[in-house]
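In case you want the letters, here they are:
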Amino acid sequence: MIEHYPFGHAPMTSRAVSFWLHSQDLTFQSESALPPQADVVVIGGGITGICTAYWLSQLGIRPVVLERGHLSCGATGRNGGHCVFGANQSFKASVEDIGLEETLAVWDFTEQSSQLLQEVTHRHSIDCDLRFNRLVAFAMTPAQAQAIQDNCDVMRSHGLEATYWTQAEVYQQTQCSAFLAAGVKPHHGQLWPAQLVVGLAKAAQHQAHIHTQVEVQAVTRQGKDLHITTNQGQIQTQAVVYATNALAYHLLPNLKEVIIPVRGQVVATAPTAPLFDFDWLLNDGYEYAIQRQDGRIIFGGMRWKSPTKEVGIEDDTTLNPSVSEGLKAFLRDTFTPLRDIAIEYEWTGIMGFTADENPIVGELPNRPGEYISAGYTGHGMALAIAAGKAIAERITGSAQTPIPKAFRPERFGLG
Ligand SMILES: Cc1cc2nc3c(=O)[nH]c(=O)nc-3n(C[C@H](O)[C@H](O)[C@H](O)COP(=O)(O)OP(=O)(O)OC[C@H]3O[C@@H](n4cnc5c(N)ncnc54)[C@H](O)[C@@H]3O)c2cc1C
């Protein structure tokens, strides 16, 4: 039986509406009868789960994807639309924490994602508004300006391109006096994540069985066999991929203190005249914005307005009014042309944070056949497609894509 709904199911109407999920042709046909067995079970129908299923399909495997809601109903359909190539931390901070070699491995991994995004969207004619731009990181304080200058110096000393803008140069570019300085990276991307997911799901469907509205309740082991218990029956497999982002600990309790749910909030303005020919961040990435080709500005962050910084919150059906006010006031007060801008969409979503800001990608220690890719700390768009490929290759024994050591599950002593 086949259901015909956008994303495989009607979007939940009680949620604050994400611009990315609001309309367009996101129709996807979900299968309903679960098979008793599967080569591989992928849990989660966001960018990680669908990319992994796509690469498994390319390698001749027939994965079963189980998604408790509809495709992209988690962070993938509720984010800021940036593809940040490079480490989550600044280059300098990453070199200090994990060393130059590993930092470059992380950068290569995200550059590979950039290549893969271009290849798969071209190969399957997926129109997900993927485009590349400069990324400008603005400084609001002298300390941030100094940190940006130091980071640019370190990047350049290792042959990477980075430009420092003084306050006068920032003003020239933005006509805005709120920023003290900026760092500019030449390679950055923006995209419509839910469009990518639906496109890849359709491209994988000749091999993959994608089931929405199926919640996995437990994964239990008997020797090499894994039993996946769901609200619609059981499936037996020998390989499972946890693509469950911030909720990973629900099925893997030992991740409770390792991947922490953190709620982010985002607004989308009405379309407006072109204001920025770059994507931007400020406050060390706490705030982030893109202007889409349709003129809308997607602006997120300000969770520091909440006493908890929204840490530990898993509810993406409500908005935080203080964060909401902060986001709107910043846009209207900082940029003169946005003084009266209408906000047409506003939503929240749940990120999965790790202590070192790197994701967890690979086979879980002492759990053969159980793989995870999660904990992207708010940066999954430039990681998930290469991570999905790396995991699919390891499941099929055809590994080509190196996983940076900084992403290994072992570093958190799991097992
Ligand atoms: C507000 C916000 C802004 C962000 N901005 C950016 C950005 O600009 N750039 C960027 O790169 N990243 C950003 N991110 C992070 C990015 O969205 C995530 O890293 C990425 O979407 C993670 O994808 P995923 O597929 O791993 O997780 P998700 O998209 O969360 O998917 C996990 C899926 O698993 C399903 N699931 C969970 N448990 C079960 C279960 N037991 N059974 C069945 N299904 C289950 C969920 O329903 C969900 O659909 C942002 C995130 C948020 C919330």
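All values derive from a computational prediction rather than experimental measurement.

(A) Geometry of the site of the ligand. In the vicinity of the ligand, 37 residues are found, and the nearest of them are Thr48, Glu67, Thr76, His82 and Met381. Here Asn79 contributes a side-chain N or O atom positioned 3.0 Å from an oxygen atom of the ligand. At a separation of 2.8 Å, a nitrogen atom of the ligand approaches a polar backbone atom of His82. For the ligand, the protein covers 97% of the area, taking 1000 Å² as the surface of the free molecule. For the shell around the ligand, the secondary structure elements donating two or more residues are α1 (47-58), β4 (63-67), β14 (260-269) and β18 (343-353).

(B) Seen up close, the packing of α1 against helix α9 (residues 384-396). Between α1 and α9, the shortest axis-to-axis distance is 8 Å and the interhelical angle comes to 45 degrees. If you check the angle between α1 and α9, you find them oblique. α1 and α9 meet at a crossing whose hand is right-handed. Every residue of α9 that contacts α1 at Ile47, Thr48, Cys51, Thr52, Trp55 and Leu56 is listed here: Ala384, Ile385, Gly388, Lys389, Ile391, Ala392, Ile395 and Thr396. Partitioned by chemical class, the residues of the contact of α1 with α9 number 9 nonpolar, 4 polar and 1 charged.

(C) Spatial organisation of the sheet that holds strand β13 (residues 240-242). Read from one edge of the open sheet, 6 strands run β9-β4-β3-β13-β20-β19, paired in mixed fashion. Of all the strands in the sheet, the pair left with one neighbour each is β9 (209-212) and β19 (360-363). Averaged over all pairs of adjacent strands, the angle between their axes in this sheet comes to 15 degrees, without regard to strand direction. In terms of strand pairing, β13 meets strand β20 (residues 370-374) through 3 bridges, oriented parallel. Along β20, the bridge assignment pairs Val240 with Glu370.

(D) Looking closely at α1. Across its 12 residues, α1 extends 16 Å between first and last C-alpha, which sits within 8% of the 16 Å expected from 1.5 Å per residue. Burial analysis of α1 places 11 of its 12 residues in the buried class, the great majority of the element. Taken as a whole, α1 has its buried residues at Ile47, Thr48, Gly49, Ile50, Cys51, Thr52, Ala53, Tyr54, Trp55, Leu56 and Ser57. Positioned one or two residues after α1, Gly60 has a phi angle of 90 degrees, which is positive.

Rules of the game
Residues numbered from 1 in each chain as written. Predicted model: local features only at pLDDT ≥ 70, side-chain atom pairs only at ≥ 80, totals over all residues. Heavy atoms only, no water. Near = heavy atom within 4 Å. Polar contact = N/O pair within 3.5 Å; in protein donor to acceptor, adjacent residues only side chain to side chain. Areas by Shrake-Rupley, 256 points an atom, 1.4 Å probe, with all protein chains shown as cover. Helix = DSSP H or I, 4+ residues; strand = E, 2+ residues; numbered from the N terminus. Axes fitted to C-alpha atoms, helices over the stretch in contact; angles between N-to-C directions. Parallel < 35°, antiparallel > 145°, perpendicular 65-115°, else oblique. Left-handed = near helix turned anticlockwise from the far one by under 90°. Contact = heavy atoms within 4.5 Å. Nonpolar A, V, L, I, M, F, W, Y, C, P; charged D, E, K, R; others polar. Pairing = 2+ DSSP bridges. Expected span 1.5 Å × (residues − 1). Buried < 20%, exposed > 50% of the residue type's maximum accessible area, 1.4 Å probe, protein only.

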